Amino acid sequence: MTGVQTCALPISYTADVWGSIHRTIASSAALAQASEAQLESARLLYQTELASDYFQLHGLDGDTQLLEQTVNSYKEYLTLTKNRFEGGVASDSDVAQAETQLYTTQAQLTDLGVERAQFEHAIAILTGKAPAELTIPPMSLTAAPPPIPVAVPSALLERRPDIAENERLVASANEQIGIAKAAFYPALTLAVSGGLQSTSLINWITWPSRFWSIGPQLAQTLFDAGKRKAQVASAEAAYDATAANYRQTVLTAFQQVEDNLAALRILESEAAILDQAVKAATRSVLVSTEQYKGGTVNYLQVITTQTIAVQDQKSAVDLLTRRMTATVQLIQALGGGWDSSKLPTTQDVSGQR
């Protein structure tokens, strides 16, 4: 008995009647865009940390410069006090107080080197270098923070990468609801089959041995014990959670902008007041010094005015550093110059052209 020889090529195509495939592609594209925005968020975070460390490092340079000037001044006062002691117009207690003041300030000056080295090493790591490979020359902060033109608050919806990321996650979660609902409808498959069939290989080349068939097929799950309803409910709950997180991200962004705008405004007013305090303290040191030379006050009065003056001057230096870092934080809150137009398009992430 001769067997039947068959050579067939089946082809099938599932029609996206209910949009399940389209929604799956759209959901995956939104997730890819969210990943890109997440990358930008991480990049902005590291850039913010780098700029903040840079300004704090040079803020320490300002403190160092101030303490160096103070040490030189205290050395002069120590010499003055020793000369007055040798002349019999000052006590040994005055000399001891001058020495204590000088050595304490020198210790504070030396301690600043530890903190500066830590900031320098952190900057090296953030720039991808070993700590020993980077040396940043000392430079004191002198210029005031630049003015920041703030756009309409709603622009944050496009300017911040974390907001763009959460918006894309919401879009993906919305598509998942459609995918879950599409599971309730039957899947339509178009099948095509064609080939050659004969009892003899020699007859394959003849027309009667050829065959083909085409036809649709419908497949639907009749009973799933509530699985599809649960999947829809799960997708809707995931969407609600993602949307709530998106809303919270937007609110947090507005808060961060307002916080740093308020900080810059208040610190600017404080700087103006502190500048007057520094001038008054400097004048007080000059007056008390002349009084000490004239013998009308003791050296404790000079030390008191000097301490207040140094504290005010250091506060002014540190305040400028705080204003610069607040500016950095504001720029971060505004998205750092990034906007949602820099996200890849759906065609880019899906490979469609």
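About the cut-offs
- Residues numbered from 1 in each chain as written.
- Predicted model: local features only at pLDDT ≥ 70, side-chain atom pairs only at ≥ 80, totals over all residues.
- Heavy atoms only, no water.
- Helix = DSSP H or I, 4+ residues; strand = E, 2+ residues; numbered from the N terminus.
- Buried < 20%, exposed > 50% of the residue type's maximum accessible area, 1.4 Å probe, protein only.
- Contact = heavy atoms within 4.5 Å.
- Expected span 1.5 Å × (residues − 1).
- Salt bridge = Lys/Arg side-chain N within 4 Å of Asp/Glu carboxyl O.
- Axes fitted to C-alpha atoms, helices over the stretch in contact; angles between N-to-C directions.
- Parallel < 35°, antiparallel > 145°, perpendicular 65-115°, else oblique.
- Left-handed = near helix turned anticlockwise from the far one by under 90°.
- Core = buried A, V, L, I, M, F, W, Y, C linked by side-chain atoms within 4.5 Å.
- Phe/Tyr/Trp six-rings, centres within 6.5 Å; stacked < 30°, edge-to-face > 60°.
- Lys NZ or Arg CZ within 6 Å of the ring centre and 35° of its normal.
- pLDDT = per-residue confidence, 0-100.
- Nonpolar A, V, L, I, M, F, W, Y, C, P; charged D, E, K, R; others polar.

Caption draft 1: Structural detail: the overall build of the protein chain. Broken down by element type, the protein chain carries seven helices and three strands. From first element to last, N terminus to C terminus, the protein chain shows the α and β order β-α-α-α-α-β-β-α-α-α. Across the 353 residues that make up the protein chain, the buried fraction comes to 33%. Looking at the protein chain alone, contacts between residues at least 24 apart form 82% of all its contacts between residues at least 6 apart.

Caption draft 2: Structural view of helix H2 (residues 92-126). End to end, H2 covers 52 Å across 35 residues, agreeing with the expected 51 Å (1.5 Å per residue, within 8%). Listed in full, the buried residues belonging to H2 are Asp94, Val95, Ala98, Gln101, Leu102, Thr105, Leu112, Arg116, Phe119, Glu120, Ile123 and Ala124. Of the residues one or two after H2, Gly128 is the one with positive phi, at around 80°.

Caption draft 3: Here's a closer look at the pattern of salt bridges. Scanning the entire structure with this criterion turns up eight salt bridges. The salt bridge partner of Arg168 is Glu167, with a shortest N-O separation of 2.9 Å. Overall, Arg168 belongs to the buried group, its relative accessible area being 18%. With a shortest N-O distance of 3.4 Å, Asp275 and Lys279 are connected by a salt bridge.

Caption draft 4: Region of the structure containing the packing of H2 against helix H6 (residues 299-333). The interhelical angle for the contact between H2 and H6, taken along N-to-C directions, is 15°, at an axis separation of 10 Å. The pairing of H2 with H6 is recorded here as roughly parallel in orientation. Remark: the crossing between H2 and H6 carries right-handed chirality. Contacts between H2 and H6 involve Asp94, Gln97, Ala98 and Gln101 from the former and Tyr299, Leu300, Ile303, Gln306 and Thr307 from the latter.

Caption draft 5: Up close: the side chain of Thr305. Considering the arrangement of structural elements, one finds Thr305 in helix H6. Judged by its relative accessible area of 6%, Thr305 is buried. Those residues in contact with Thr305 that sit more than four places away from it in its chain are Ser284, Val285 and Ser288.

Caption draft 6: How the structure looks around the nonpolar core. In terms of nonpolar packing, the biggest core is built from 16 residues, with Tyr77, Leu78, Leu102, Tyr292, Tyr299 and Val302 touching the most fellow members. Listed by contribution, the elements that provide at least two residues to this core are helix H1 (20-86), H2, helix H5 (227-293) and H6. Element by element, the count of residues in this core is highest for H6, at five residues. Residues within four places of Tyr77 in sequence aside, it is in contact with Val285, Thr289, Tyr299, Val302 and Gln306.

Caption draft 7: Geometry of the packing of aromatic side chains. Enumeration according to the criterion identifies two aromatic pairs in this entry. Both rings, one in Tyr54 and one in Phe55, keep their centres 5.6 Å apart while their planes meet at 75°; by these two values the pair is edge-to-face. Under the relative-accessibility criterion, Phe55 is labelled buried at 17%. Positioned above the aromatic ring of Tyr292, the side-chain terminus of Arg84 is 4.4 Å from the ring centre.

Caption draft 8: Spatial organisation of the confidence of the model for the protein chain. With 79% of its residues at a pLDDT of 70 or more, the protein chain shows a mean pLDDT of 83. For the protein chain, the element scoring lowest by mean pLDDT is strand S3 (residues 210-219), at 50; H2 scores highest, at 95. Note on residues 196-201: pLDDT is under 50 here. Beyond four places in sequence and across chains, it has 24 contacts. Segment residues 203-207: pLDDT under 50, and nine contacts once partners within four positions in sequence are set aside and those in other chains are kept.

Caption draft 9: Main features of the packing of H5 against H6. Contact geometry for H5 and H6: axes closest at 8 Å, N-to-C directions at 160°. Judged by the inter-axis angle, H5 sits roughly antiparallel to H6. With respect to the hand of their crossing, H5 and H6 are arranged in left-handed fashion. For the contact of H5 with H6, a count of residues per class yields 20 nonpolar, 13 polar and five charged.

Caption draft 10: Fine view of the side chain of Glu175. Its location among the elements puts Glu175 in helix H4 (residues 161-182). Classification of Glu175 as buried rests on a relative accessible area of 17%. Excluding anything up to four places from it in sequence, Glu175 contacts Arg23, Ala26 and Ser27.

Caption draft 11: Up close: H6. With 35 residues, H6 ought to run about 51 Å at 1.5 Å a step, and its terminal C-alpha atoms sit 50 Å apart, in line with that. Once H6 ends, the next one or two residues include Gly335, with phi positive near 95°.

Caption draft 12: Structural detail: the environment of Leu343. Assignment of secondary structure puts Leu343 in the loop between H6 and helix H7 (346-350). The buried category is assigned to Leu343, whose relative accessible area is 13%. Distance from Leu343 to Ala37, taken between C-alpha atoms, is 6.8 Å for residues 306 residues apart in sequence. Residues within four places of Leu343 in sequence aside, it is in contact with Gln33, Glu36, Ala37, Ala164, Arg168 and Trp338.

Caption draft 13: Structural view of the environment of Ala280. Among the structural elements, Ala280 can be located in helix H5. Taking the C-alpha atoms as reference points, Ala280 and Ala309, 29 residues apart in sequence, are found 8.4 Å from one another.

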